[in-house]
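Take a look at the letters that make up each chain.
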Amino acid sequence: MSISTEISLRRRGLPLGVLLGLGLAIFIIAAALLSNYLAPFDPTRMAAGPRLAAPSSAHWFGTDEFGRDLFSRVLVGGRLSLGIGIFAVVSGLVIGGLMGLIAAFSGRAVEAVLLRLIDVLYSFPDTLIALALVAFLGPGIENATLAIAISLVPFYARVTYGLAAAERAKPYIEAARLAGIRTGRLVRVHVMPNIGQSLIVMGTLGFSSAILSAAGLSFLGLGVQPPSPEWGAILASGRNYINKAPWILIFPGVAICVTVLSFNLIGDSLRDLVDPRRKGRP
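Predicted model only: the values in this text are computed from it and were never measured.

## Quick look at the overall build of the protein chain
Point 1. Within the protein chain, the secondary structure is distributed over 11 helices and 0 strands.
Point 2. Along the chain direction, N to C, the helices and strands of the protein chain fall in the order α-α-α-α-α-α-α-α-α-α-α.
Point 3. Counting only C-alpha atoms, the protein chain reaches 75 × 50 × 30 Å along its principal axes.
Point 4. Each of the 282 residues in the protein chain was classed as buried or not, and the buried ones make up 44%.
Point 5. The contacts in the protein chain between residues at least 6 apart in sequence include a share of 68% that link residues at least 24 apart.
Point 6. As displayed, the protein chain has an accessible area near 14,500 Å², and 68% of this comes from carbon and sulfur atoms.
Point 7. In the protein chain, which carries 24 positive and 15 negative side-chain charges, the distance between the mean positions of the two groups comes to 6 Å.

Okay, here's the thing in structure tokens:
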């Protein structure tokens, strides 16, 4: 695709990836927010139907081993999964972003200490950090959310530092310093508007990782605890019935895949729009 063609498409509207991702994301978020009104049954009510009943007009997604309506559980579980992802990404982005900015605009000693700390944390996979923290804090939705947020901090700190350091080397920063602008105002007024778009894109992409981490912790019994519905917890409860009642795994699994896909589409398309080096690529 040529640059002129891409510019023409942009004038007509948003890229197809953004539109598709936004459509899916809006549908998922709306369903999660309205889950209490859309769910036909109490998601924790046992014997809402026959045990391990196949999908039918009465129970669209079937029932689980306790006769609970799976459609209701997937709907309400989406609210828990999205809530964990949003809180974890926002918290990780704020804390990591502050660390990256402090490292970029403090003295060399502070920068060296923070970078070494970030490098040590970044050397471990985020899933391993989350598992270790949950093992230390104990299982539960609050501890799992906190663990996922902390596991994202090194990534966002490193990204923010790289963006801020690149801005720090530009002539306008030196000119602003010579004009007597303090560091706090310099970062707030000049640096953040220039790197904010990239951080939003990285936050959108990180949301998918947070959803997967939340589902993984719940699947291992370290996240949301029964009987609360959450996509990973539903998958864990249905793994013993994969041959007899595969729908217990299929529907929450599809919900996770569609959610991750939607936010990845948004993040990838926004990255292409923000990053000038990717302009003109097919």
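## Thoughts on the nonpolar core
Point 1. The biggest cluster of nonpolar side chains holds 42 residues, and the ones touching the most others in it are Leu-70, Val-74, Ile-148, Leu-152 and Ile-248.
Point 2. Broken down by secondary-structure element, the contributors of at least two residues to this core are α2 (16-33), α4 (70-105), α6 (126-137), α7 (141-168), α9 (183-219), α10 (231-238) and α11 (247-274).
Point 3. For this core, the element with the most residues is α4, which contributes 9 residues.
Point 4. Discounting residues that sit within four places of it in the chain, Ile-248 has contacts with Leu-52, Thr-63, Asp-64, Glu-65, Leu-70, Ile-234, Ser-237 and Gly-238.
Point 5. If you look at the next biggest cluster of nonpolar residues, it comprises 21 residues, including Leu-101, Phe-105, Tyr-161 and Val-187.

## Focus on the side chain of Ser-218
Point 1. In this fold, Ser-218 is placed in helix α9.
Point 2. Within polar-contact distance, the side chain of Ser-218 engages the backbone nitrogen of Val-224 at 3.2 Å.
Point 3. Ignoring sequence-local partners within four residues, the contact set of Ser-218 consists of Gly-223, Val-224, Glu-230, Gly-232, Ala-233 and Ala-236.

## Observations concerning α7
Point 1. Between its first and last C-alpha, α7 extends 39 Å over 28 residues, near the 40 Å set by a 1.5 Å rise per residue.
Point 2. Along its length, α7 reaches its greatest deviation from straightness, about 30°, at Val-153, and the proline Pro-154 lies no more than four positions downstream.

## Overview of unusual backbone geometry
Point 1. A cis amide bond, omega 5°, links Pro-226 with the succeeding residue Pro-227.
Point 2. Counting through the fold element by element, Pro-227 comes out in the loop between α9 and α10.
Point 3. In this structure, Leu-52 takes a positive phi of about 55° despite not being glycine.
Point 4. When you line up the elements, Leu-52 lands in the loop between α3 (35-38) and α4.

## Considerations on the packing of aromatic side chains
The way to describe two aromatic rings as a pair is by their centre distance and the angle between their planes.
Point 1. This model, assessed by the stated rule, comprises 5 aromatic pairs.
Point 2. Relative to Phe-71, the ring of Trp-60 has its centre 5.1 Å away and its plane inclined at 55°; by these criteria the two rings are tilted. Note that Trp-60 is positioned in the loop between α3 and α4 and Phe-71 in helix α4, a separation of 11 residues in sequence.
Point 3. Within the aromatic cluster, the residues linked to one another by ring pairs are Trp-60, Phe-61, Phe-71 and Phe-251.
Point 4. Sitting above the plane of the Phe-219 ring, Arg-239 keeps its charged end 5.0 Å from the centroid.

## Structural notes on the layout of surface pockets
Point 1. Roughly 350 Å³ of internal volume is contained in the second largest pocket.
Point 2. Lining the second largest pocket are 17 residues, with Phe-27, Ile-28, Val-74, Leu-75 and Ala-255 sitting closest to its centre.
Point 3. At the level of elements, α2, α4 and α11 are the ones that each hand at least two residues to the lining of the second largest pocket.
Point 4. In the lining of the second largest pocket, the residues fall into 15 nonpolar, 2 polar and no charged.

## Details of the environment of Gly-223
Point 1. In this structure, Gly-223 sits in the loop between α9 and α10.
Point 2. The exposure class assigned to Gly-223 is buried, which follows from its relative accessible area of 1%.
Point 3. For the pair Gly-223 and Pro-139, spaced 84 residues apart in sequence, the C-alpha to C-alpha distance is 5.6 Å.
Point 4. Apart from residues no more than four positions distant in its own chain, Gly-223 is found in contact with Pro-139, Gly-140, Ile-141, Ala-144, Leu-217 and Ser-218.

## Quick word on the environment of Thr-160
Point 1. With respect to the helices and strands, Thr-160 occurs in helix α7.
Point 2. Under the relative-accessibility criterion, Thr-160 is labelled buried at 0%.
Point 3. Each residue touching Thr-160, except ones within four places of it in the same chain, is listed here: Gly-96, Gly-97, Gly-100, Leu-101, Ile-195 and Leu-199.

Rules behind the numbers
- Residues numbered from 1 in each chain as written.
- Predicted model: local features only at pLDDT ≥ 70, side-chain atom pairs only at ≥ 80, totals over all residues.
- Heavy atoms only, no water.
- Helix = DSSP H or I, 4+ residues; strand = E, 2+ residues; numbered from the N terminus.
- Buried < 20%, exposed > 50% of the residue type's maximum accessible area, 1.4 Å probe, protein only.
- Contact = heavy atoms within 4.5 Å.
- Areas by Shrake-Rupley, 256 points an atom, 1.4 Å probe, with all protein chains shown as cover.
- Lys, Arg positive; Asp, Glu negative; His and termini not counted.
- Charge placed at Lys NZ, Arg CZ, Asp CG, Glu CD.
- Core = buried A, V, L, I, M, F, W, Y, C linked by side-chain atoms within 4.5 Å.
- Polar contact = N/O pair within 3.5 Å; in protein donor to acceptor, adjacent residues only side chain to side chain.
- Expected span 1.5 Å × (residues − 1).
- Bend = angle between axes of the 7 residues up to and from the residue.
- Phe/Tyr/Trp six-rings, centres within 6.5 Å; stacked < 30°, edge-to-face > 60°.
- Lys NZ or Arg CZ within 6 Å of the ring centre and 35° of its normal.
- 1 Å grid on protein atoms, 1.4 Å probe; cavity = no way out; pocket = protein on both sides within 12 Å on 5 of 7 lines; lining within 4 Å.
- Points joined across faces, edges and corners; volume = space filled by probe spheres on them.
- Nonpolar A, V, L, I, M, F, W, Y, C, P; charged D, E, K, R; others polar.

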